[in-house]
Amino acid sequence: MSQGALAQFLPLILLFVIFYFLIIRPQQKQQKAHKEMLASLKKGDRIVTNGGLIAEVVKPEEDFLKIKLADDMIVKLDRAYVARKLEDA
């Protein structure tokens, strides 16, 4: 490979490195943190679903969560639809 070809691809390589550190890596970290949060959910935790509902975890199961929306309303929710966990203030 000649010097001219290397100099021609250098901006492209540099652009990919910048793209990786500004977009791909932070997104991977965020996905990992969300996955860990889903795995750590336990009874009594308060969550927000992707639909914006605030609920309390009644029973965590392998793929689903039983959540309480109201005093007498318990439903099953797929873990994929948990947006975040509410932290106690």
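Calculation rules
- Residues numbered from 1 in each chain as written.
- Predicted model: local features only at pLDDT ≥ 70, side-chain atom pairs only at ≥ 80, totals over all residues.
- Heavy atoms only, no water.
- Helix = DSSP H or I, 4+ residues; strand = E, 2+ residues; numbered from the N terminus.
- Rg over C-alpha atoms; globule rule 2.2 N^0.38 Å.
- Buried < 20%, exposed > 50% of the residue type's maximum accessible area, 1.4 Å probe, protein only.
- Contact = heavy atoms within 4.5 Å.
- Areas by Shrake-Rupley, 256 points an atom, 1.4 Å probe, with all protein chains shown as cover.
- Lys, Arg positive; Asp, Glu negative; His and termini not counted.
- Charge placed at Lys NZ, Arg CZ, Asp CG, Glu CD.
- Phe/Tyr/Trp six-rings, centres within 6.5 Å; stacked < 30°, edge-to-face > 60°.
- Lys NZ or Arg CZ within 6 Å of the ring centre and 35° of its normal.
- Pairing = 2+ DSSP bridges.
- Patch = residues over 30% accessible without salt bridge, like charges linked within 9 Å, V, L, I, M, F, W, Y side chains within 5 Å.
- Salt bridge = Lys/Arg side-chain N within 4 Å of Asp/Glu carboxyl O.

### A look at the overall build of the chain
Summing up its helical and strand segments, the chain has one helix and five strands in all. Reading the helices (α) and strands (β) of the chain from amino to carboxyl end gives α-β-β-β-β-β. Its C-alpha atoms give the chain a radius of gyration of 21 Å, more than 25% over the compact-globule value 12 Å for 89 residues. Residue burial in the chain is summarised as follows: out of 89 residues, 16% are buried. The long-range share in the chain, meaning contacts at least 24 apart out of those at least 6 apart in sequence, stands at 35%. Entry remark: accessible area of the chain is about 7,200 Å², with carbon and sulfur atoms responsible for 60%. Mean positive and mean negative side-chain charge positions of the chain (14 and 11 charges, respectively) differ by 5 Å.

### Some thoughts on the packing of aromatic side chains
Taken as a whole and judged by the stated rule, the model has one aromatic pair. It is K76 that lies over the ring of F64; its NZ or CZ is 5.3 Å from the centre.

### A word on the pairing of strand β4 (residues 73–78)
With six bridges joining them, strand β3 (residues 64–70) and β4 adopt antiparallel strand pairing. Residue pairing in the sheet places K68 in a bridge with I74 of β4. Connecting the antiparallel pair β3 and β4 is a turn made up of two residues.

### Focus on the environment of I24
Within the element layout of this structure, I24 appears in helix α1 (residues 3–39). On the basis of relative accessibility, which here comes to 25%, the residue I24 falls in the partly exposed class. Between the alpha carbons of I24 and R46 there is a distance of 30 Å; along the sequence they are 22 residues apart.

### Side note on a nonpolar patch on the surface
Among the surface-exposed residues, F9, L12, I13, L14, L15, F16, V17, I18, F19, F21, L22 and I23 lie close enough to one another that they form a single nonpolar patch of about 1,200 Å² accessible area. By the secondary structure assignment, F16 is in helix α1. Residue classification places F16 among the exposed residues on the basis of a relative accessible area of 52%.

### Here's the deal with the pattern of salt bridges
Under the definition given, this model contains four salt bridges. Across the salt bridge formed by K42 and D45, the nearest N and O atoms sit 3.4 Å from each other. The partly exposed category is assigned to K42, whose relative accessible area is 46%. Here K76 ties to E61 by a salt bridge, and the two come within 3.7 Å at their closest N and O atoms. A residue pair is termed long-range when its members are at least 10 positions apart, and K76 in strand β4 and E61 in the loop between β2 (54–60) and β3 qualify at 15 residues. Residue E61 is classed as partly exposed on the basis of its relative accessible area of 21%. Three or more residues are tied together by salt bridges with common partners; here these are K42, D45 and K85.

The analysis is restricted to geometry; functional conclusions fall outside its scope.
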